[in-house]
Amino acid sequence: MKKIIIEAHLDIFDSMSELPEEIQKLLNKAQQARENAYAPYSHFRVGAALQLAGGEIITGNNQENAAFPSGLCAERVAVFHAGSNFPNETITTMAITARSLNHTVTVPTPPCGACRQALAEYEVKQKSPIAIYFMGEKGKVVRANSVKDILPLIFDSSYL
Ligand code: THU
């Protein structure tokens, strides 16, 4: 038997103001998108903004449904929009922010497992990492330099 240790490297910033201007802009876009979330059941609004290498910014927010599993997270709304409308573009960065109508979200909100898997697909496809910045409504921002840092042992097409 052999044990292996998998390390994840994350950078933590005390606030958005510590970040470069282009990242602050992307987080602002995610915040704007977040306010258009359709979240009548959870009252938890999530916004995501993707920076494409060509300069475009794609946004998405969570879309809930009375049949709960039929809804979709903000991150997948955004990444599927990018994949369907800019299929050959590289995604360089994703910014994510969440706000609850019930309490103030100060803890950085990472993408859920299904969204990590969906993001991993595009990182593998484009053969370059996607940096992910995530935060709550205010406060600390976490940066992962690659989806691999938040999803060890990804399942990809090499296993098929
Ligand atoms: N949600 C997202 O949009 N992204 C995540 O990564 C986590 C959860 C949404 C789904 C649902 O509409 C609400 O947040 C509560 O789970």
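Positions within a chain are numbered from 1, following the residues in the order the chain's sequence is written. For this predicted model, a pLDDT threshold of at least 70 governs which residues receive local features, and a threshold of 80 or more governs which side-chain atom pairs are given and counted, while totals over whole chains, interfaces and linings are taken from all residues. Water and hydrogen atoms were dropped before computing side-chain values, which therefore reflect all heavy atoms in the structure.

Looking at the side chain of Arg34
Then step 1. By definition, any uninterrupted DSSP run of H or I lasting at least four residues is a helix, any uninterrupted run of E lasting at least two residues is a strand, and each is numbered from the N terminus. Tracing the backbone through its elements, the reader meets Arg34 in helix H1 (residues 21-34).
Then step 2. Residue classification places Arg34 among the buried positions, given a relative accessible area of 7%.
Then step 3. Nitrogen and oxygen atoms within 3.5 Å of one another constitute a polar contact, given that in protein one can donate a hydrogen and the other can accept it, and given that sequence-neighbouring residues count only through two side-chain atoms. Separated by 2.9 Å, the side chains of Arg34 and Glu35 make a polar contact.
Then step 4. Each residue touching Arg34, except ones within four places of it in the same chain, is listed here: Arg45, Val46, Gly47, Asn61, Thr97, Ala98, Arg99, Gly136 and Glu137. Residue burial is assigned from relative accessible area. The probe radius is 1.4 Å, only protein chains are included, and a residue is buried under 20% of its type maximum, exposed over 50%, and partly exposed in between. Note on contacts: a residue pair is in contact if any heavy atoms of the two residues lie within 4.5 Å.

Considerations on the state of the cysteines
Then step 1. Our working definition of a disulfide is a cysteine sulfur pair at a distance within 2.5 Å. This structure, assessed with the given rule, holds 0 disulfides.
Then step 2. Free of any disulfide, Cys73 has its nearest cysteine sulfur in Cys115, 3.8 Å distant.
Then step 3. There is no disulfide at Cys112, and the cysteine sulfur nearest it, in Cys115, is 3.7 Å away.

A look at the sheet that holds strand E6 (residues 141-144)
Then step 1. At least two bridges found by DSSP between two strands are what make those strands a pair. Reading across the sheet, the 6 strands line up as E1-E6-E5-E4-E2-E3 and stay open at both edges, with mixed pairing between neighbours. Looking along the sheet, the strands with just one partner apiece sit at the ends: strand E1 (10-13) and strand E3 (57-61). Going from strand to strand, the sheet's axes swing by 15° on average, the running direction of each strand aside.
Then step 2. Bridging between strand E2 (residues 44-52) and E3 involves 5 bridges; their strand directions are antiparallel. The residue bridging Ala49 from the neighbouring strand is Thr59, located in E3.
Then step 3. Each of E2, E3 and strand E4 (91-100) touches helix H2 (residues 74-85); the most contacted strand, E2, lies at about 30° to it. Between N-to-C directions, angles span 0 to 180 degrees; the directions come from axes that are lines fitted to C-alpha atoms, helices contributing only their stretch in contact.

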